[in-house]
Amino acid sequence: MIAAPVIGHRGAASLAPENTLAGIRKAAATGVTWVELDATLLGDHTAVLSHDDSLERCSNRHGQLSSLSSLDLGSIDVGSWFHLDWQQETLPRLADALLQCQSLGLGLNLEIKPFQWPAQTIAEVLHETISVYWQDKSRLIISCFDLEVLAAYRALDKHIQLGLLFDDIPPLWQLQAQNLNAVSIHCNWQLLMEKEARQIKQAGYDLYCFTCNSPADAARLYSWGVDGVFTDTPQDFLNPAADTTSEYLISLTSPDPL
Ligand code: G3P
Ligand code: MG
């Protein structure tokens, strides 16, 4: 397995504002060893963390990210919508998020959100930022719902670990994975069937599911061979009473004593 059984989704989205530097720190504090974050571009091609193409849901401002430049970053509060404790959080540059993850020893699944950007443009800009700010490629998976973006990224980097992101797994998933020389399949856990999970594992790919906030549901997925789940609630998975994460996960997947 490349990533981990428990991956903090958008940082730790139930504990801190999503896709923020504070959220990354909060995720690390729960004990997760990997996080998932969403990346896109401002209008001036500055790479930032954001799940959305607009500021409406997760900030104190209105408008499209494409209308902003790096000069706006320091004035956009992306924390107080979640709780006033985080009102100092500003829209983070991807570069700072990459540094933050590495300083905490976290592996990263970076999901590209292309929105209106041409595949080539967003792949080139993100590749440039990642090349400068990320060191260990074995601790990074780039994923995207858009295969064209992944193909553009692959053309720029033969060795980057790519993950195909699906809601529902399409019939041609294996051909698509082979064409991109991908390492992993990421899918919606609620649409995944056991047979598909076993086929993906049999074919040698890592398999990660979003967004699973119930340890009991995750236990069923692990029993099908799923390697890891993206969760907003990593604190519910990483039980301090168990000595290790794997001990806790084994306890989840073990049958109840008679
Ligand atoms: O990368 C897994 C998951 O984050 C994909 O869905 O909408 O939460 O970015 P979304
Ligand atoms: Mg995501």
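Right above here is the structure, for reference.
Below: a short report on this structure. (Residues numbered from 1 in each chain as written. Chains lettered and ligands numbered in written order. Predicted model: local features only at pLDDT ≥ 70, side-chain atom pairs only at ≥ 80, totals over all residues. Heavy atoms only, no water.)

**Notes on the overall build of the protein**
For step 1, the next point in the chain: The helix and strand tally for the protein stands at eight helices and nine strands.
For step 2, the next point in the chain: At 18 Å, the protein has a C-alpha radius of gyration in line with the 18 Å of a compact globule built from 258 residues.
For step 3, the next point in the chain: Taken along its principal axes, the extent of the C-alpha atoms in the protein is 60 × 45 × 30 Å.
For step 4, the next point in the chain: Looking at the 258 residues of the protein, the share that counts as buried comes to 53%.
For step 5, the next point in the chain: If you take every contact in the protein between residues at least 6 apart in sequence, the share linking residues at least 24 apart comes to 57%.
For step 6, the next point in the chain: Per element, the accessible surface of the protein, about 11400 Å² overall, is 51% carbon and sulfur.
For step 7, the next point in the chain: Once the 15 positive and 31 negative side-chain charges of the protein are each reduced to a mean point, those two points are 4 Å apart. (Helix = DSSP H or I, 4+ residues; strand = E, 2+ residues; numbered from the N terminus. Rg over C-alpha atoms; globule rule 2.2 N^0.38 Å. Buried < 20%, exposed > 50% of the residue type's maximum accessible area, 1.4 Å probe, protein only. Contact = heavy atoms within 4.5 Å. Areas by Shrake-Rupley, 256 points an atom, 1.4 Å probe, with all protein chains shown as cover. Lys, Arg positive; Asp, Glu negative; His and termini not counted. Charge placed at Lys NZ, Arg CZ, Asp CG, Glu CD.)

**Considering the coordination of the magnesium ion (ligand 2)**
For step 1, the next point in the chain: For the magnesium ion (ligand 2), the full set of protein donor atoms is E36 (OE), D38 (OD) and E111 (OE), at a range of 2.0 to 2.2 Å.
For step 2, the next point in the chain: Linear spacing of the donor residues for the magnesium ion (ligand 2) on their chain is E-x1-D-x72-E.
For step 3, the next point in the chain: Overall, the relative accessible area of 4% leaves E36 in the buried class.
For step 4, the next point in the chain: D38 gets classed as buried once you look at its relative accessible area, which sits at 0%. (Donors = N, O, S within 2.8 Å, 3.2 Å for Na, K, Ca; no water.)

**What to know about the pairing of strand β7 (residues 184-188)**
For step 1, the next point in the chain: For β7, a buried count of five out of five residues is recorded, marking the element as mostly surrounded by other parts of the structure.
For step 2, the next point in the chain: Here four bridges tie strand β6 (residues 162-166) to β7, and the two strands are oriented parallel to one another. In the sheet register, L164 faces β7, and the bridge partner there is I185.
For step 3, the next point in the chain: Handedness of the β7-helix α6 (residues 194-202)-strand β8 (residues 206-210) crossover: right-handed. (Pairing = 2+ DSSP bridges. Right-handed = clockwise from strand over helix to strand, strands pointing away.)

In short, the description is geometric, and any link to function would need to be established separately.
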